[in-house]
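Summary of the model geometry
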Amino acid sequence: AISAVFKNEASYLDEWITFHQAQGFSRFYLFDDNSTDNFLEVLEPFLATGVVVLDNAPEAPHFIQRQEASYDLALALARDDCAWLAFIDIDEFLFSPSGAISDVLPANPLIAGVFIWWRIFGSSGHQSPPEVGVLLGFTRSAKFPENLRETKEALAFGNRDFFAPRKRPIQGTVIEGKSIVRPLLVRKAGVHVPQSYVGLMIDENKKLYIAGSSVFVRAFRWIMNRIYRDAADRRVRVPTTQSLRINHYWSKSISELEKKAAKWDSNLKGASLEDYLRWDNVLNEVEDREILNHVPQANRSA
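The shown structure was predicted, so the numbers you read here are calculated from the model rather than taken from an experiment. In this numbering scheme, every chain counts its residues from 1 along its sequence in written order. Whole-chain, interface and lining totals are the exception, using all residues; otherwise, since this is a predicted model, local features are given only for residues with pLDDT of at least 70 and side-chain atom pairs are given and counted only at 80 or more. Excluded from the side-chain calculation are hydrogens and water; included are all heavy atoms of the structure.

Focus on the side chain of serine 70
By the criteria applied, helices consist of DSSP H or I runs no shorter than four residues and strands consist of E runs no shorter than two, each listed in order from the N terminus. Relative to the helices and strands, serine 70 resides in helix H3 (residues 63–78). When accessible area is computed with a 1.4 Å probe and restricted to protein chains, residues below 20% of their type maximum are described as buried, those above 50% as exposed, and intermediate ones as partly exposed. Take serine 70: its relative accessible area is 0%, and that puts it in the buried class. Note on contacts: a residue pair qualifies if any of its non-hydrogen atoms lie within 4.5 Å across the two residues. Residue contacts for serine 70: discarding those within four places in its chain leaves Ser3, Val5, Phe31, Ala57 and Pro58.

Written out as structure tokens, the structure reads:
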């Protein structure tokens, strides 16, 4: 199953659900964050068949709080309903480049979850949303690091040029991802990784990924960093997306990017539209059409 929170994203819901059904997901726990568009009309056929379970996002002052509270509700629903639950956004598409997602998820019952690296995409030069949809329309992405040097450069570049001087930075980075977890082993969800769980978190290479923010987890990470740094610290690990991958369509079109930037215009220390456009340039460096090999045949276009 997948859990996601959405707000005024009706035009993207059908493509997003249909794609993930083709990847093997059979249930979607969706939470509406006060949308004003026609999302109910789009979701109606999925609600009628039980594919989508819909609720309102819990009330909270900040979006992250509403998102995490929604994820916790999804965890409770999923414990008796599914073996695996992914937490992603409507602009994120999860798939396995090597085949079926179910074939690459670990069988070991001690594994609580898998951290999945993303590849982050830009506008592909579109001024407005393309009629062909997200997957066919946005095929330009940031260059993905291939070795440790490039990984460190990608991390330093984002921090130095876009994030460090900002009170409210641009929320996007090349080196990041989300998680798919066993609901029975997770006590509290998180946006990128679970905050509390029983068992181990790993990445697609079966390397330990220490997630969470409790005192115990921080102490364990400190110890592991000194015993075997690559097991605990993503900053010295080369990310890979051979068996599991998320395409994160961060910019979409320029008109949508302008709306995203406008939310922070009143914050003089926040990122400006010019910052967002410079960052979009970074997200359009290379052509990446891998996901099109996994789009349902009926949705493909020449």
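With respect to unusual backbone geometry
Note: most peptide bonds trans; most residues except glycine with negative phi. The phi angle at asparagine 34 is positive, at roughly 60°, despite the residue not being glycine. If you trace the backbone, asparagine 34 turns up in the loop between strand E2 (28–32) and helix H2 (39–48). Given a relative accessible area of 46%, asparagine 34 falls into the partly exposed group. Despite not being glycine, serine 124 has its phi angle at roughly 55°, a positive value. Position of serine 124 relative to the elements: it lies in the loop between strand E6 (111–121) and helix H5 (134–137).

A closer look at the packing of aromatic side chains
Pairing of aromatic rings covers Phe, Tyr and Trp, the last through its six-membered ring, and needs centres within 6.5 Å; plane angles under 30 degrees mean stacked, over 60 mean edge-to-face, and all others mean tilted. This model, assessed by the stated rule, comprises eleven aromatic pairs. Residues phenylalanine 115 and tyrosine 209 carry aromatic rings whose centres are separated by 4.2 Å and whose planes lie at 10° to one another, so their mutual orientation is stacked. With a gap of 94 residues between them, phenylalanine 115 in strand E6 and tyrosine 209 in the loop between strand E11 (200–203) and helix H7 (215–227) connect regions that are remote in the sequence. Neither residue differs from the other here; phenylalanine 115 and tyrosine 209 are each classed as buried.

Thoughts on the packing of helix H8 (residues 254–262) against helix H9 (residues 273–282)
Interaxial distance between H8 and H9 falls to 9 Å at its minimum, and their mutual angle equals 135°. Comparing the axis directions of H8 and H9 gives the class oblique. Both H8 and H9 take part in a crossing whose hand is right-handed. Where H8 abuts H9, its residues Ile254, Leu257, Glu258, Lys260 and Ala261 lie against Leu273, Tyr276, Leu277 and Asp280. Axis lines are fitted through C-alpha atoms, for helices just across the contact stretch, and the angle between N-to-C directions can take any value from 0 to 180 degrees. Under this scheme an angle from 65 to 115 degrees is roughly perpendicular, one under 35 degrees roughly parallel, and one over 145 degrees roughly antiparallel; angles in between are oblique. For a crossing to be left-handed, the near helix must be turned anticlockwise from the far one by less than a right angle; the clockwise case is right-handed.

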